[in-house]
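So the chains spell out like this:
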Amino acid sequence: MDVLYQDHHAWLLGWLRRRLQHADNAADLAHDTFVQLLGRPELIPTLRQPRAWLSSVAKGLMIDRQRRHKLETAYLQALASLPEPEAPSAERQLILLQTLMQIDAMLDGLPGKVRMAFLLSRLEGMSYQEIAHHLGISLSSVEKYMVKAIRHCYLARLES
């Protein structure tokens, strides 16, 4: 691990700096990328192209970070639109944001329409017929999407 870090950290940091606006974010992501490798030490001897692996992990982490940022921004905008008496406490806001991020992570990997059908059903309380109309798809497609989403969530919970 030490040799891998010494040989590739500077390269990864430069690679991330070219893709990100802030050097601090690049340093954080480089760190997080190597932490991923620390969690899977059995991979180290098998890495034939370490830079390809490191850049692939770093890309995934960048996408996760962007998705979390978008989710947090949308959540904060929704909170800002609430009248002050209805706004949740700071502690409740944090719990809600963490829950949203857990839901987002659980739905990661689902195709867009499957994810949307699931969210419309579970968060908006829409019926399958309403979802079909809203998404411009058949009722049968909604049913298939929901089965796929629920199975995906179930398997994600088993892995965690």
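Cut-offs and rules
Residues numbered from 1 in each chain as written. Predicted model: local features only at pLDDT ≥ 70, side-chain atom pairs only at ≥ 80, totals over all residues. Heavy atoms only, no water. UniProt positions renumbered as here; feature names shortened; annotations may be inferred. Helix = DSSP H or I, 4+ residues; strand = E, 2+ residues; numbered from the N terminus. Contact = heavy atoms within 4.5 Å. Salt bridge = Lys/Arg side-chain N within 4 Å of Asp/Glu carboxyl O. Core = buried A, V, L, I, M, F, W, Y, C linked by side-chain atoms within 4.5 Å. Buried < 20%, exposed > 50% of the residue type's maximum accessible area, 1.4 Å probe, protein only. Arc of directions from axis to C-beta. Axes fitted to C-alpha atoms, helices over the stretch in contact; angles between N-to-C directions. Parallel < 35°, antiparallel > 145°, perpendicular 65-115°, else oblique. Left-handed = near helix turned anticlockwise from the far one by under 90°. Nonpolar A, V, L, I, M, F, W, Y, C, P; charged D, E, K, R; others polar.

(A) Geometry of the UniProt feature "domain: RNA polymerase sigma-70 region" (unreviewed entry) in the protein. Taking the numbering used here, the UniProt-annotated feature "domain: RNA polymerase sigma-70 region" (unreviewed entry) corresponds to residues 4-70. As annotated, residues 4-70 has a helix share of 79% and a strand share of 0%, and its two end C-alpha atoms lie 33 Å apart.

(B) Fine view of the side chain of R115. Structurally, R115 is set in helix 5 (residues 112-122). In this structure R115 touches R67, D104, L107, D108 and L110, once residues within four positions along its chain are discounted.

(C) Expanded view of the pattern of salt bridges. Inspection of the entire model under this criterion finds 2 salt bridges. Residues R65 and D32 are paired through a salt bridge, measuring 3.7 Å at the closest nitrogen-oxygen approach. Separated by 33 residues along the polypeptide, R65 in helix 3 (residues 50-80) and D32 in helix 2 (residues 23-38) bring together distant segments of the chain. Here D108 ties to R67 by a salt bridge, and the two come within 3.0 Å at their closest N and O atoms. Taken together, the positions of D108 in the loop between helix 4 (90-107) and helix 5 and R67 in helix 3 put the pair 41 residues apart, joining distant regions of the chain.

(D) Just the nonpolar core, in detail. Counting 19 residues, the largest nonpolar core has L12, L16 and W53 as the members making the most contacts within it. Contributing elements (two or more residues each) for this core: helix 1 (2-19), helix 2 and helix 3. Ranked by residues supplied to this core, first place goes to helix 3 with 6 residues. When neighbours within four sequence positions are excluded, L12 is seen to be in contact with A30, T33, F34, L54 and A58. Counting residues in hydrophobic clusters, the runner-up holds 14 residues, among them A117, A132, V142 and A149.

(E) The arrangement of helix 6 (residues 128-135) in detail. Turning to helix 6, its buried residues are I131, A132 and L135. Buried positions in helix 6, seen along its axis, are confined to an arc of 100° and lie on one side of it. Exposed residues on helix 6 whose side chains face more than 90 degrees from its buried face are Q129 and H133. Taken together, the buried residues of helix 6 touch helix 5 and helix 7 (139-159). Just past helix 6, the residue G136 takes up positive phi, approximately 70°.

(F) Examining the packing of helix 5 against helix 6 more closely. As a packed pair, helix 5 and helix 6 sit with axes 10 Å apart at the nearest point and diverge in direction by 135°. Judged by the inter-axis angle, helix 5 sits oblique to helix 6. When you trace helix 5 past helix 6, the crossing you get is right-handed. Residues K113, M116, A117, L120 and S121 of helix 5 form the contact with helix 6, whose own contacting residues are Y128, I131, H134 and L135. Classifying every residue of the contact of helix 5 with helix 6 gives 6 nonpolar, 2 polar and 1 charged.

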